[in-house]
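Survey of secondary and tertiary structure
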Amino acid sequence: MAAATAADLVADKLPSNVSSDSDSDDLLLPNLLPSSAAPSSPSRAELHHFQIPSLPAPITVRALPSRGLSFQLWPSASTLLRVLPATPRLLPRSPAPGCPLSVLELGSGTGAAGLALAAALPARAVLSDLPDALPNLRHNAELNAALLASAGGAASVVPLRWGDAAAMADVAAAASPFDLVVASDVVYYEALVDPLIETLRFFVKGEVVFVMAHMRRWKRTDKKFFGKARKVFDVEVVHEDPPLEGWRHGPVVYRFTAKKQHGKK
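For clarity, every value in this text was computed on a predicted model and none was experimentally measured.

Now for the side chain of D129. Looking at the secondary structure, you find D129 in strand 5 (residues 123-129). Of the side chains with opposite charge, R161 lies nearest to the buried D129, which makes no salt bridge, at 8.8 Å. In this structure the side chain of D129 is engaged in a polar contact, spanning 3.3 Å, whose partner is the backbone nitrogen of S108. Other than its neighbours up to four places away in sequence, D129 contacts S70, G107, S108, G109, L134, L137, V158, P159 and L160.

Rendered as structure tokens:
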């Protein structure tokens, strides 16, 4: 029931229960990144380019803002793809020639962060989202496939509904054990908190690290998410961007590791 409710809430508009701003710090405005717009089309496609210092060409992704939240670019994705490759201490291990990291991205959206990390770390990245978002996500993976391959990385795309035990098991079975789980701007609907926590509990175990870029929007949702997360994970703030123009907050990067259980080695 929880997973179905979560899926229903990932829609093209905010749910009615967040129409008041009494609980909000800032409006939910994801598309704040510079873009190079493609020619006008019915779908209002936009091309966004992300230059990573270690790469010979930029990561390019297509956004379709008129399609809804999963098709837009969010501020924290830009922070994550910039900070994580430049901060090796956040990684669970160093990539080695012929042995890239194995990365799972949750709520990939356009895939900007996951694709950039696949090339820059490098990593074999599994990008995941709800089924409706997958065609555009696959388009972006194919758009960057040659660049990823030249850097020693790769990306695949899979459906994943948070909290769905069968879907999580399918993802785990199809990929090698993950070293790293990443996400950006995934905490915004209160009803998605429990499914997200269940998903993190499933994948972030042992030495697996979860790195999340997040910008505060809804006080109650943040309180619920971090309150539940800190019961299961050690949570460290590792980077903070200054507030975006007109906002009270900037993206913050967190590093989550599973709490060590006493009595177990």
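Turning to the nonpolar core, a few remarks are in order. Counting 40 residues, the largest nonpolar core has I59, L84 and L180 as its most contacted members. Top element by residues in this core is helix 3 (residues 112-120). It accounts for eight residues. If we ignore the near neighbours within four places in the chain, the residues touching L180 are L84, L91, P92, S102, V103, L104, L121, V208, V209 and V211. L160, F178, V186 and V204 belong to the second-largest nonpolar core, a separate cluster that totals 37 residues.

Across the sheet, seven strands lie side by side as 6-5-4-7-8-10-9; this open sheet has mixed pairing. Looking along the sheet, the strands with just one partner apiece sit at the ends: strand 6 (154-159) and strand 9 (233-240). Taking the axes of each pair of neighbouring strands and ignoring which way they run, one obtains an average angle of 20 degrees across the sheet. Of the pairings in the sheet, the one linking strand 7 (residues 180-184) to strand 8 (residues 209-214) comprises five bridges and is parallel in character. Each bridged residue has a counterpart across the sheet, and for V181 the counterpart in strand 8 is F210. Packed on one face of the sheet, helix 3 meets strand 4 (101-105), strand 5, strand 6 and strand 7 and runs near 170 degrees to strand 5.

As a further point, take the packing of aromatic side chains. Taken as a whole and judged by the stated rule, the model has 10 aromatic pairs. Their ring planes at 80 degrees and their centres at 5.1 Å tell us that F225 and F226 sit as a pair that is edge-to-face. For F225, a relative accessible area of 0% translates into the label buried. The structure contains a cluster of three or more aromatic residues connected by ring pairs, namely F210, F225, F226, F233, Y254 and F256. If you follow R67 out to its NZ or CZ, it ends over the ring of F71, 4.4 Å from the centre. Over the aromatic face of F202 sits the side chain of K205, whose NZ or CZ is 5.2 Å from the ring centroid.

Okay, the pairing of strand 4 next. Burial runs high along strand 4: five of the five residues are buried. The two faces of strand 4 match: L101, V103 and E105 on one face and S102 and L104 on the other face are all buried. Summarising the sheet, strand 4 and strand 5 pair through five bridges and their orientation is parallel. Residue pairing for strand 5: L104 is matched across the bridge by V126. Handedness of the crossover joining strand 4 and strand 5 through helix 3: right-handed. The sheet contact formed by strand 4 and strand 7 spans three bridges and is parallel. Across the sheet, the residue bridging to V103 is L180, located in strand 7.

Attention shifts here to the confidence of the model for the chain. Detailed reading of the predicted coordinates is not advisable wherever pLDDT falls low. Here the chain averages 85 in pLDDT, while 82% of its residues score no lower than 70. Across residues 24-42, where pLDDT falls below 50, the model places 55 contacts with residues more than four positions away in sequence or in other chains.

Our focus in this paragraph is unusual backbone geometry. In this chain, L121 is followed by P122 through a cis amide linkage whose omega measures -10 degrees. Note that P122 resides in the loop between helix 3 and strand 5.

Tracing the sequence through the fold places A172 in helix 6 (residues 165-174). Counting along the chain gives 68 residues from A172 to L104, while the straight-line C-alpha distance between them is 9.7 Å.

At their nearest, the axes of helix 2 (residues 75-83) and helix 3 sit 8 Å apart, and the two run at 10 degrees to each other. Considered as vectors, helix 2 and helix 3 are oriented roughly parallel to each other. Note on element contacts: helix 3 touches helix 2 through A112, A113, A116 and L117, opposite A77, L80 and L81. Of the residues belonging to the contact of helix 2 with helix 3, the class tally is seven nonpolar, no polar and no charged.

Looking now at the environment of V232. Mapped onto the secondary structure, V232 falls in helix 8 (residues 219-232). If sequence neighbours within four positions are ignored, V232 has contacts with R201, T257, A258 and K259.

Conventions we followed
Within each chain, residue numbers correspond to sequence positions counted from 1 in written order. Two thresholds apply to this predicted model, a pLDDT of at least 70 for residue-level local features and 80 or more for giving and counting side-chain atom pairs, whereas whole-chain, interface and lining totals are computed over all residues. Only hydrogens and water are removed before side-chain values are computed, so all heavy atoms of the structure are retained for them. We count a stretch as a helix when DSSP gives it H or I for four or more residues in a row; a strand needs E for two or more, and each element gets its number in order from the N terminus. Relative accessibility thresholds used throughout: buried, under 20% of the residue-type maximum; exposed, over 50%; partly exposed, between the two (1.4 Å probe, protein chains only). Positive charges come from Lys and Arg alone, negative charges from Asp and Glu alone, with His and the N- and C-terminal ends not counted. Counted as salt bridges are all cases of a side-chain nitrogen of Lys or Arg within 4 Å of a carboxyl oxygen of Asp or Glu. Two N or O atoms count as a polar contact when they lie within 3.5 Å, although within protein this holds only if one can serve as hydrogen donor and the other as acceptor, and sequence-adjacent residues are included solely when both atoms are side-chain atoms. By definition in these notes, contact holds between two residues if any of their heavy atoms fall within 4.5 Å. What makes a nonpolar core is a set of buried Ala, Val, Leu, Ile, Met, Phe, Trp, Tyr and Cys residues whose side-chain atoms join them at distances within 4.5 Å. Only when DSSP finds a minimum of two bridges between them are two strands counted as paired. To get an axis, a line is fitted to the C-alpha atoms, and for a helix only the part in contact is used. The angle between two axes follows their N-to-C directions and goes from 0 to 180 degrees. Pairing of aromatic rings covers Phe, Tyr and Trp, the last counted by its six-membered ring, and requires centre-to-centre distances within 6.5 Å; plane angles under 30 degrees mean stacked, over 60 mean edge-to-face, and any other angle means tilted. A ring is scored as having a charge over it whenever the NZ atom of a lysine or the CZ atom of an arginine sits within 6 Å of its centre and within 35 degrees of its normal. Note on handedness: a clockwise path from strand one over the helix to strand two, with the strands aimed away from the viewer, defines a right-handed crossover. How sure the predictor is of each residue is captured by pLDDT, a score from 0 to 100. Angle categories are assigned with fixed cut-offs, so that under 35 degrees is roughly parallel, over 145 is roughly antiparallel, 65 to 115 is roughly perpendicular, and the rest are oblique. Residues are grouped as follows: Ala, Val, Leu, Ile, Met, Phe, Trp, Tyr, Cys and Pro are nonpolar; Asp, Glu, Lys and Arg are charged; all remaining types, including Gly, are polar.

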